[in-house]
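Summary of structural features
The primary structure of each chain is shown beneath.
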Amino acid sequence: MTADHRKVQFIMGLRSQGIRDTRVLEAMERVPRELFVEGAFADQSYADRALPIACGQTISQPLVVAAMTEALNVGPRMKVLEIGTGSGYQTAVLSRLFRRVYTIERHKPLLAEAEARFKELRLHNITTRVGDGWQGWPEPGQIPFDRILVTAAPPEIPEALLRQLAPDGIMVLPLGARKHSQRNLEAIAASLNKFGQRKPIVVHRGVVLAGNGTLEAAKSLGWTEIDVAEVPAEWD
């Protein structure tokens, strides 16, 4: 199978699993996933599964990357904060869609490898930092962010990230294991309530959207089966 044929099957597979935003599909088509995968797994670059990378981390499966990127509901001239650079694959996809991408990674060796990939791909709209992503972006001059994407499922949303989200912004994060969904949602709802602002939660296919812009975003994405059963009514 040629590389081009494999890429076509890759995009068709994402479409068949419900990814509809052509901007997201085009961005993922333009980013060579094989560049972000460890050599031993190169032949599995376009398989729909997570793969191990350095520092005990993984590169997310393509469907997760696509679903979370689509959920951001990108608009013109937006800037996005990514928590957890990892291999840099998700970051590279974001760079094809957003005016500016700011990304934080706690593992310095991982970030160095990602930065080398960005340079090779000539992605010049990405700003990186090493640090604790739960504390948000360290430089106040770039705050607030139109969108925030969290690549790891937290038990609750750190207040620092909420404070850096624009008034009509959207934060996207993975819900984690389904069996823990109720605990996670309750913790997230409590966190948002503690923050003192009404920021609705929408859950769909294991992806959480939090922020004032979430309900309109869900509608524009065509989400007709929104799971809010475990969220208090005031968060609908």
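Above: the structure in question.
Because the structure is predicted, anything quoted here is derived from the model rather than measured.

A separate point is the pairing of strand β4 (residues 100-105). Looking along a regular strand, one sees the side chains alternate between the two faces of the sheet. With five of six residues buried, β4 is to be regarded as a mostly interior element. Across five bridges, the pairing between strand β3 (residues 79-83) and β4 is parallel. Bridging across to β4, I83 finds its partner in I104. Note that β4 and strand β5 (residues 126-130) share five bridges and pair parallel. Bridging from a neighbouring strand, V101 pairs with I126 of β5. Considered for its hand, the β-α-β crossover made up of β4, helix α5 (residues 108-121) and β5 is right-handed.

Our focus in this paragraph is unusual backbone geometry. A cis amide bond links I143 with the next residue in sequence, P144, at an omega value of 10°. Mapped onto the secondary structure, P144 falls in the loop between β5 and β6 (145-150). One non-glycine residue, N73, lies in positive phi territory at about 50°. Within the element layout of this structure, N73 appears in the loop between α3 (62-71) and β3.

In terms of burial, β6 is a largely internal element, five of the six residues being buried. Here four bridges tie β3 to β6, and the two strands are oriented parallel to one another. In the strand pairing of β6, L81 is matched with I148. Note: β6 against strand β7 (residues 165-174), four bridges, orientation parallel. Within the sheet, the bridge partner assigned to L149 lies in β7 and is V172.

The terminal C-alpha atoms of α5, which comprises 14 residues, lie 20 Å apart, in line with the 20 Å expected from a rise of 1.5 Å per residue. Among all positions of α5, only L110, L111, A114, R117, F118 and L121 are buried. Viewed along the axis of α5, the buried residues span an arc of 120°, placing them on a single side of the element. Exposed side chains of α5 directed beyond 90 degrees from the buried face belong to K108, P109, K119 and E120. Looking at the buried positions of α5, the neighbouring elements they touch are α4 (89-95), β4 and β5.

About the cut-offs
Residues numbered from 1 in each chain as written. Predicted model: local features only at pLDDT ≥ 70, side-chain atom pairs only at ≥ 80, totals over all residues. Heavy atoms only, no water. Buried < 20%, exposed > 50% of the residue type's maximum accessible area, 1.4 Å probe, protein only. Helix = DSSP H or I, 4+ residues; strand = E, 2+ residues; numbered from the N terminus. Pairing = 2+ DSSP bridges. Right-handed = clockwise from strand over helix to strand, strands pointing away. Expected span 1.5 Å × (residues − 1). Arc of directions from axis to C-beta. Contact = heavy atoms within 4.5 Å.

Purely spatial values, then, with no claim about function.
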